[in-house]
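Architecture and fold: a report
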Amino acid sequence: PTPTPTPTPGPAPGARMHSRKLLLSTLLSSLKDKDENIRAKAAEDIGKLEPAAVDAVNPLIAALKDKAPIVRYRSAEALEKIGTPKARRAVYKFRKKLGRDKRSW
């Protein structure tokens with residue numbers, strides 16, 4: 001007979017949230033990188049860090065004005081995923097501006 005594996009204990013309560021906050025801190029720093037691809041990837045990854053991503057709403061709103069279109073786009077996507085009223089308002093204003101100025105994508 002095959003022995004039954006012993007379950008390993010999961011992370012301590014709160015440890016997962018703590019690690020997400022640390023990751024968020026790193027991603028927020030990457031949002032200021034000189035490489036637009038790194039900034040875009042950071043914005044994309046921030047959107048996946050629920051609920052810790054709520055702390056990134058203001059930096060993501062600022063990133064909607066980034067010179068690189070891909071960073072603006074990824075920041076808008078992340079704000080949509082976060083979904084707070086402030087994030088939704090920022091995305092609404094961003095999209096409204098796009099309707100008037102297609103070059104600012």
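Residues numbered from 1 in each chain as written. Predicted model: local features only at pLDDT ≥ 70, side-chain atom pairs only at ≥ 80, totals over all residues. Heavy atoms only, no water.

**A look at the pattern of salt bridges**
Applicable threshold: Every case where a carboxyl oxygen of Asp or Glu lies within 4 Å of a side-chain nitrogen of Lys or Arg is listed as a salt bridge. Type-normalised accessible area, obtained with a 1.4 Å probe on protein chains alone, sets the label of each residue: buried when under 20%, exposed when over 50%, and partly exposed for intermediate values.
Tallying each qualifying case throughout the model produces eight salt bridges. Between K48 and E44 there is a salt bridge, with its nearest N and O atoms 3.9 Å apart. D45 is the salt-bridge partner of K48, the closest N and O atoms lying 3.8 Å from each other. By relative accessible area, K48 is classed as partly exposed at 48%. Within the structure, one salt-bridge network assembled from shared partners comprises K41, E44, D45, K48, R74 and E77.

**Focus on helix α4 (residues 69-82)**
Inclusion rule: The way it works is that DSSP assigns letters per residue, a run of H or I at least four long becomes a helix, a run of E at least two long becomes a strand, and they are numbered from the N terminus. Helix span, expected: 1.5 Å multiplied by one less than the number of residues in the helix. What the arc covers is the set of directions going from the helix axis to the C-beta atoms.
Spanning 14 residues, α4 covers 20 Å between terminal C-alpha atoms, matching the ideal 20 Å at 1.5 Å per step. Residues V71, R72, S75, A76, A78, L79 and I82 constitute the buried set of α4. Relative to the axis of α4, the buried residues are bounded by an arc of 165° and lie together on one face. A positive backbone phi angle near 75° is found at G83, which sits one or two residues after α4.

**What to know about the nonpolar core**
Where we set the bar: Residues grouped as a nonpolar core are buried Ala, Val, Leu, Ile, Met, Phe, Trp, Tyr and Cys residues, joined through side-chain atoms within 4.5 Å. The contact criterion used is simple: two residues touch if any of their non-hydrogen atoms lie within 4.5 Å.
Judged by nonpolar contacts, the single largest core of 26 residues is most densely connected at L24, L31, I46, L60, L64 and L79. Secondary structure elements with two or more residues in this core: α1 (15-30), α2 (36-46), α3 (57-63), α4 and α5 (85-100). Each residue touching L24, except ones within four places of it in the same chain, is listed here: I46, L49, A52, A53, D55 and A56.

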